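# Notes for the structure review
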Amino acid sequence: VAKCCISRIIYSYIMNSKELTDMSDAKLIVLAIGGNSLISDPKHVSVKAQYQAAEETARHIAKLITAGHRVVVAHGNGPQVGFILRRAELAREVLHMVPLDSCVADTQGAIGYNLQMALYNELHKLSDHTPVATVVTQVVVDSEDPSFSKPAKPIGSFMDRETAEKHQREDMWSVVEDSGRGYRRVVPSPLPKRIVEMDAVKALLERRAVVIAAGGGGIPVAELPDGTLEGREAVIDKDLAACLLAKELQADMFVISTAVEKAALNFGTPDQRFIDRMSSSEARTYIDQGHFAPGSMLPKIQAVVDFAETTGNIGIITDPKHLSEAIAGTGGTLIFP
């Protein structure tokens, strides 16, 4: 009972503290945007359609920049990597296959270009001349990470059994049957350890640039005994890489933009309840109770909890439309340490 009372007192104090109520001050914000910010309609995935989706996202980000916040943007790349792999597969009789680390690098450049131009144009309309730059970002992973011996992250398109077995033989792919829908390639998803271009990101921020970095979780590389780097066929979770970026920058806020405005308990049931604010310890309790779906909301909650507990700062989950409200403390789900 005493612990419960103390927790309520602390909770009440934090809810009324200047840290949470004075959110209009200029802040360093690391913003991780998901696939819905880059492909708004799965039936329209052309380059033009992806740029139009980036334009919509840029309008919301531009509001943060013109309000005086410094912003670092990380983004997902799942569908885009799938497109590259599919093109390579269709052209395999005349062209080489593309290594997965190169796929991530390709998407960092292409998506970064879309976001960079969309933000430049939106800021230009607002007579704001803040520079925008994309950093092709390598992220060091451990070659002994358990995921390399047990690949489990599905990528690319579905295949029939014959095609899957051919890739196993000729390309050394790991493949699995996926719920009766066909076969898919599975790859390692190691934990991010270090962002190689961190100094470059910091230098750009010091010049007040908006930085797009760690796209798609970063290009997975391993550090060899002599200190050089070597690419790895893997994908890094975008939210975990963005969290590492936010922690290393000591960001004031880490925001994950997703398809819904707020996280919810009992999601999709008659007892569904959206969460406005919760402590990291409350979030851990909800995780243990199974409220957040693996592969969906769970890794986002885990990343924000990690950030809040490591830095002592605020993490937020929301959708693009409510970014400004969430930063001001009136929208989204806020997670505090």
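Refer to the structure presented above.
Because the structure is predicted, anything quoted here is derived from the model rather than measured.

Let's shift gears to unusual backbone geometry. Even without being a glycine, Arg 208 presents a positive backbone phi close to 65°. Within the element layout of this structure, Arg 208 appears in the loop between α7 (198-206) and β9 (210-212). Of the residues examined, Arg 208 reaches a relative accessible area of 48% and is grouped as partly exposed. At Gln 250, a residue that is not glycine, the phi angle is positive and equals roughly 50°. Checked against the element boundaries, Gln 250 lands in the loop between α8 (238-249) and β12 (253-257).

This next bit is on the sheet that holds strand β11 (residues 229-231). Judged by pairing direction, the sheet is mixed, and its 4 strands sit side by side in the order β8-β4-β10-β11 without closing on themselves. The sheet terminates laterally at β8 (194-195) and β11, the two strands that pair on one side only. Sheet analysis places strand β10 (residues 219-223) next to β11, joined by 3 bridges and oriented antiparallel. Its bridge partner being in β11, Ala 222 is matched across the sheet by Glu 230.

This paragraph deals with the sheet that holds strand β5 (residues 153-159). With antiparallel pairing, 3 strands are arranged side by side in an open sheet as β5-β7-β6. Looking at the sheet topology across the chains shown, the edges are occupied by β5 and β6 (174-177). Across the sheet, the mean angle separating the axes of adjacent strands is 35° when strand polarity is ignored. In terms of strand pairing, β6 meets strand β7 (residues 183-187) through 4 bridges, oriented antiparallel. When the sheet's bridge partners are listed, Ser 174 is paired in β7 with Val 186.

The probe, sized like a water molecule, is rolled over the atoms to show the empty space still left. Counting across every chain of the model gives 2 cavities of 30 Å³ or more. Of the pockets and cavities examined, the largest cavity occupies roughly 60 Å³. Lining of the largest cavity is provided by Gly 82, Leu 85, Arg 86, Glu 89, Ile 155, Gly 156, Ser 157, Met 159, Trp 173 and Arg 185. Contributions of two or more residues to the lining of the largest cavity are made by α4 (78-90) and β5. Across the lining of the largest cavity, the residue classes break down as 4 nonpolar, 3 polar and 3 charged. Roughly 40 Å³ of internal volume is contained in the second largest cavity.

A few words now on the pattern of salt bridges. The full count for this structure, using the stated rule, is 15 salt bridges. Taking the shortest distance from any N to any O, the salt bridge between Glu 89 and Arg 86 comes out at 3.6 Å. Here Glu 89 and its partner Arg 86 are both found in helix α4, 3 residues apart, which amounts to about one turn of the helix. For Asp 239, the salt bridge goes to Lys 238, with nearest N and O atoms at 2.8 Å. Residue Asp 239 is classed as buried on the basis of its relative accessible area of 4%. Here the salt bridges share partners, and the residues they tie into one network are Arg 92, Glu 170 and Asp 171.

For the structure shown, the criterion picks out 1 aromatic pair. For Arg 184, the ring lying beneath its charged end belongs to Phe 158, and the centroid distance is 5.1 Å.

Let us now look at the side chain of Lys 300. Its place among the elements puts Lys 300 in helix α10 (residues 298-311). The buried category is assigned to Lys 300, whose relative accessible area is 14%. Among residues more than four places away in sequence, those in contact with Lys 300 are Asp 239, Ile 256, Thr 258 and Ile 317.

Scoring rules and cut-offs
- Residues numbered from 1 in each chain as written.
- Predicted model: local features only at pLDDT ≥ 70, side-chain atom pairs only at ≥ 80, totals over all residues.
- Heavy atoms only, no water.
- Helix = DSSP H or I, 4+ residues; strand = E, 2+ residues; numbered from the N terminus.
- Buried < 20%, exposed > 50% of the residue type's maximum accessible area, 1.4 Å probe, protein only.
- Pairing = 2+ DSSP bridges.
- Axes fitted to C-alpha atoms, helices over the stretch in contact; angles between N-to-C directions.
- 1 Å grid on protein atoms, 1.4 Å probe; cavity = no way out; pocket = protein on both sides within 12 Å on 5 of 7 lines; lining within 4 Å.
- Points joined across faces, edges and corners; volume = space filled by probe spheres on them.
- Nonpolar A, V, L, I, M, F, W, Y, C, P; charged D, E, K, R; others polar.
- Salt bridge = Lys/Arg side-chain N within 4 Å of Asp/Glu carboxyl O.
- Phe/Tyr/Trp six-rings, centres within 6.5 Å; stacked < 30°, edge-to-face > 60°.
- Lys NZ or Arg CZ within 6 Å of the ring centre and 35° of its normal.
- Contact = heavy atoms within 4.5 Å.

Any functional reading would require information that these geometric values do not contain.
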